[in-house]
Amino acid sequence: QKAEWNKLKNEKTYTADGKHIELAANIGTPKDLVGVKENGGEAIGLYRTEFLYMDSPDFPTEDAQFEAYKTILEGMGDKAVVVRTMDIGGDKELPYLTLPHEMNPFLGYRAIHICLAEPDMFKTQLRALLRASVFGKLRIMFPMIATLGEFRKAKAMLLEEKQNLKNEGIAVSDNIEVGIMIEIPAAAILADKFAKEVDFFSIGTNDLIQYTMAADRMNEQVSYLYQPYNPSILRLIKGVIDASHKEGKWTGMCGEMAGDQTAVPLLMGLGLDEFSMSASSILKTRSLMKRLDSTKMAELADKAINDCDTAEEVVSLVTEYTK
Ligand code: PEP
Ligand code: MG
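Residues numbered from 1 in each chain as written. Chains lettered and ligands numbered in written order. Predicted model: local features only at pLDDT ≥ 70, side-chain atom pairs only at ≥ 80, totals over all residues. Heavy atoms only, no water.

Participant: Tell me about the overall build of the protein, and please be specific about residues and values.
Facilitator: Across its full length, the protein carries 15 helices and eight strands. In terms of C-alpha radius of gyration, the protein reaches 19 Å, essentially the compact-globule figure of 20 Å for 323 residues. Viewed in the frame of its principal axes, the protein has a C-alpha envelope of about 60 × 45 × 35 Å. Long-range contacts, defined as pairs at least 24 residues apart, comprise 69% of the intrachain contacts of the protein with a sequence gap of at least 6. Accessible surface computed for the protein: about 14,200 Å², of which carbon and sulfur atoms make up 51%. Taken together, the 37 basic and 48 acidic charged side chains of the protein have centroids lying 5 Å from each other. (Helix = DSSP H or I, 4+ residues; strand = E, 2+ residues; numbered from the N terminus. Rg over C-alpha atoms; globule rule 2.2 N^0.38 Å. Contact = heavy atoms within 4.5 Å. Areas by Shrake-Rupley, 256 points an atom, 1.4 Å probe, with all protein chains shown as cover. Lys, Arg positive; Asp, Glu negative; His and termini not counted. Charge placed at Lys NZ, Arg CZ, Asp CG, Glu CD.)

Shown next, in the form of C-alpha cells:
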C-alpha cells in the first residue's frame, strides 16, 4: 500500500470524476517543510505560529519571525501558505506572558482576543508577515474569531501596518488573502455575513466540535461527546461551505477531521475545497479521494445530514457508500 501511495507524491489530488481538491499540510515549525515535500503536500493549510512563541525565551522579535515566515514561503515556492496568527491560551501557555488563572481556559482569554488587547505584540507579528509576503504566496488567518467586530479590527490593524511599511519603503505583496478560522459556533452560524468580508474560511474542527457539543476536548470523561460525525456538526460545516461559495470564496479545514478517512467522503460531498492535515496523512487521503466520485459523495452527505439522527448512523451510511 505504501508503494502505491508513494506513486501519488508528485500528483495533484483529483476525485474519480476529475474534480481538483487541494490537499495541504499542517505544520508547527519551518523544519516540518521536509515532511510536506516528502508527502506531496500541495500547500500549507495551517502553520501554527504559536510554537515560534513557545520555543522562545521571550517574545520573538520581528526579525526572528520574519526569518521563519520567509523560510517557509520561499521553501513552498508558488504553493500557498496559510499562516495563522498567534493562538496562545486554552491549552497553550507562554512562560513569559503571565495570564490570570482561569476557571475555563478554553472559554477564556486566548488567541485573537489576546492579540487585539496587546496591539504591540500583534503588530510585530503582522509586520513580520507582511515583510515576508513578497517571498511566496501568503494567506493570513486569524484564529478564534467570534464576531465580525474582531475580524474587522484585526484586518484594520493589518492594513495599517501594510501602509506603514509602504511608507517606510518596504515591499509588501498586494495579493495576500486574509481569512479566518471557523472554530466558534457563533462564527459558523453567521458565516454568510463573514463570507462577504473574508477571502476564505478554514474550519477548525478540534475547537468547533468541543464548543458545539460543550465537551472539553482534553476531558476523557466527556470524550464520548466529541463526535465529528454528529449530524449537528455536519450541518454546521455545510452552512459554512455553502455560505462561502455563495460569495465566491473558498473553505478549507485544518482540524483533525480533515484527515479522518471516515470524514473525508462526507466532507468531499459537502464541497470542502481544501483539506489540511498532518503531512503523514496526505498520500493515503489522495489515494482515497481518487477512488471517490464527488456526485455520489454529495448524495451521501445529503443523506447524512437529512436522514441520520446520530453519529453512529452516519458512520454506517459512510461504510455502505464507500464499500
Ligand atoms: C482547530 O481548532 O481545529 C485547530 C486546527 O486549531 P488548534 O488545534 O491549534 O486549536
Ligand atoms: Mg483551534
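Participant: An account of the pattern of salt bridges is requested, with residue identities and associated values reported.
Facilitator: Two side chains with opposite charge may pair up if their charged atoms get near one another. Considering all chains together, one arrives at 21 salt bridges under this definition. Between Glu11 and Lys290 there is a salt bridge; the shortest N-O distance is 3.4 Å. Of this pair, Glu11 sits in the loop between α1 (2-6) and β1 (22-27) while Lys290 sits in helix α13 (residues 282-290), and the two are 279 residues apart along the sequence. Taking the shortest distance from any N to any O, the salt bridge between Asp63 and Arg131 comes out at 3.1 Å. Taken together, the positions of Asp63 in helix α4 (residues 62-76) and Arg131 in helix α6 (residues 119-132) put the pair 68 residues apart, joining distant regions of the chain. In this structure, a network of salt bridges that share partners links the residues Glu50, Arg84, Asp87, Lys92, Arg110, Asp207 and Arg217. (Salt bridge = Lys/Arg side-chain N within 4 Å of Asp/Glu carboxyl O.)

Participant: So what about the pairing of strand β3 (residues 80-84)? Which residues, and what values?
Facilitator: With respect to burial, β3 is a largely interior element, five of its five residues being buried. The sheet contact formed by β3 and strand β4 (residues 137-142) spans five bridges and is parallel. When the sheet's bridge partners are listed, Arg84 is paired in β4 with Met141. (Buried < 20%, exposed > 50% of the residue type's maximum accessible area, 1.4 Å probe, protein only. Pairing = 2+ DSSP bridges.)

Participant: Could you give me a rundown of the state of the cysteines, with the residues and numbers involved?
Facilitator: As used here, a disulfide is simply a covalent bond connecting the sulfur atoms of two cysteines. The full count for this structure, using the stated rule, is zero disulfides. Lacking any disulfide linkage, Cys115 is separated from the closest cysteine sulfur, that of Cys254, by 16 Å. By relative accessible area, Cys115 is classed as buried at 1%. (Disulfide = S-S within 2.5 Å.)

Participant: Tell me about the site of ligand 1, and name the residues and values.
Facilitator: Residues in contact with ligand 1 amount to 14 residues; listed here are only the nearest, Arg48, Arg84, Glu183, Gly204 and Asn206. Arg48 is positioned with one of its side-chain polar atoms (N or O) 2.8 Å from an oxygen atom of ligand 1. One nitrogen or oxygen atom from the side chain of Glu183 is found 3.0 Å from an oxygen atom belonging to ligand 1. Its free accessible area being 290 Å², ligand 1 has 98% of it covered by the protein chains. Sorting the residues of the shell around ligand 1 by element identifies β2 (44-48) and α10 (205-213) as the ones contributing at least two each. (Near = heavy atom within 4 Å. Polar contact = N/O pair within 3.5 Å; in protein donor to acceptor, adjacent residues only side chain to side chain.)

Participant: Before we move on, could you go through the coordination of the magnesium ion (ligand 2) and cite the residues and values that matter?
Facilitator: The coordination sphere of the magnesium ion (ligand 2) contains the protein donors Glu183 (OE) and Asp207 (OD), at a distance range of 2.0 to 2.2 Å. Pair noted here: Glu183 is in the loop between β5 (177-182) and α8 (185-189) and Asp207 is in helix α10, with a separation of 24 residues, a long-range link. On the basis of relative accessibility, which here comes to 2%, the residue Glu183 falls in the buried class. The exposure class of Asp207 is buried, given its relative accessible area of 3%. (Donors = N, O, S within 2.8 Å, 3.2 Å for Na, K, Ca; no water.)

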